[in-house]
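# Residue-level structure breakdown
Chain by chain, the residues run as shown.
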Amino acid sequence: MNVFVYPNSREIGAAVAKKTAALIREKPDAVIGLPTGSSPMDTYAALVELYRTGSVSFRRVRTFNLDEYLGLPASHPQSFRYFMDEHLFRHIDLPPENITFFNGMAEDCTAELARMDRILDTFTTIDLQLVGIGQNGHVAFNEPADVFSGTSAVTVLSESTRAANRRFFRSLDEVPTRALTLGMGQICRANKIVMIACGAKKAEAVHGMLFGPVTPALPASLLRQARDMDVYVDEALHSQIREQFGTEL
Ligand code: GLP
């Protein structure tokens, strides 16, 4: 696990986008797993700029997203699909048929989970998996639990996760209570995992991921077993970890 410290999210975004574009140029039909949230926003903005300047084409890329709120249609401004359309998909030449996403309005969740698992199984390799990390150490919507989830699942969002995501909604009541998420086993399959973690609030989760036990109580800790993983942190998080734990990254 390699840790890179950058001054801020914007510079992390530029660095991660540059590496992602280089991968795509090397492998135009790359399979890339994508997260949502504030952490990847600068990366997506930088990827759009690289596309606009002709540095990269997504024409043959295939993407899948990690998760989606249960009960929000793709047209809902707070759905993860809407987020991805707004921040990336509408601005690049990624064919819609190459986008894989949970259907947040699925009537039959079991069938929807099986559908996603089947699609993931068709990818012989996952070339790159971008991830964020929740304040409680969740990845995608794999919340702290007693066991790791190997494949996709319906998850009940913890109150801390709902509170952390409440900033995108008018009130806490509007934040969904459940979500569809890929499992840690599927996330760890990727040839390369790149985590973006910014802000002092992530200190406990990132420190636990890097130095604590591998435990489903902190789902991100399982990523330590990934074959190749880079963690990008900003200076605010780096100094918080130094102050709070006396650890140098
Ligand atoms: C949500 C998403 C995760 C994301 C996390 C952190 O729970 N399901 O994929 O990593 O929030 O979000 P942020 O990057 O906004 O801190």
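Residues numbered from 1 in each chain as written. Predicted model: local features only at pLDDT ≥ 70, side-chain atom pairs only at ≥ 80, totals over all residues. Heavy atoms only, no water.

### Details of the site of the ligand
Around the ligand sit 14 residues, and of these S39, D67, H138, R167 and K202 come closest. In the environment of the ligand, an oxygen atom lies 2.7 Å from a nitrogen or oxygen atom belonging to the side chain of K202. (Near = heavy atom within 4 Å. Polar contact = N/O pair within 3.5 Å; in protein donor to acceptor, adjacent residues only side chain to side chain.)

### Description of the side chain of T36
By the element assignment, T36 lies in the loop between strand 2 (31-34) and helix 2 (41-52). You can call T36 buried: its relative accessible area is 13%. Residues contacting T36, with those up to four places away along its chain left out, are N65, D67, F80, F83 and M84. (Helix = DSSP H or I, 4+ residues; strand = E, 2+ residues; numbered from the N terminus. Buried < 20%, exposed > 50% of the residue type's maximum accessible area, 1.4 Å probe, protein only. Contact = heavy atoms within 4.5 Å.)

### Remarks on the nonpolar core
Among the nonpolar cores identified, the biggest contains 39 residues, and M195, M209 and L223 are the most heavily contacted of them. For this core, the elements supplying multiple residues, two or more each, are helix 4 (109-122), helix 6 (184-187), strand 9 (193-197), helix 7 (203-211), strand 10 (229-234) and helix 8 (235-245). Element by element, the count of residues in this core is highest for helix 7, at 5 residues. (Core = buried A, V, L, I, M, F, W, Y, C linked by side-chain atoms within 4.5 Å.)

### Observations concerning the environment of G137
Within the secondary structure, G137 is located in the loop between strand 6 (128-131) and strand 7 (153-156). With 130 residues separating them in the primary sequence, G137 and P7 have C-alpha atoms 22 Å apart. Here G137 is in contact with A205, L218, P219 and A220, once residues within four sequence places are set aside.

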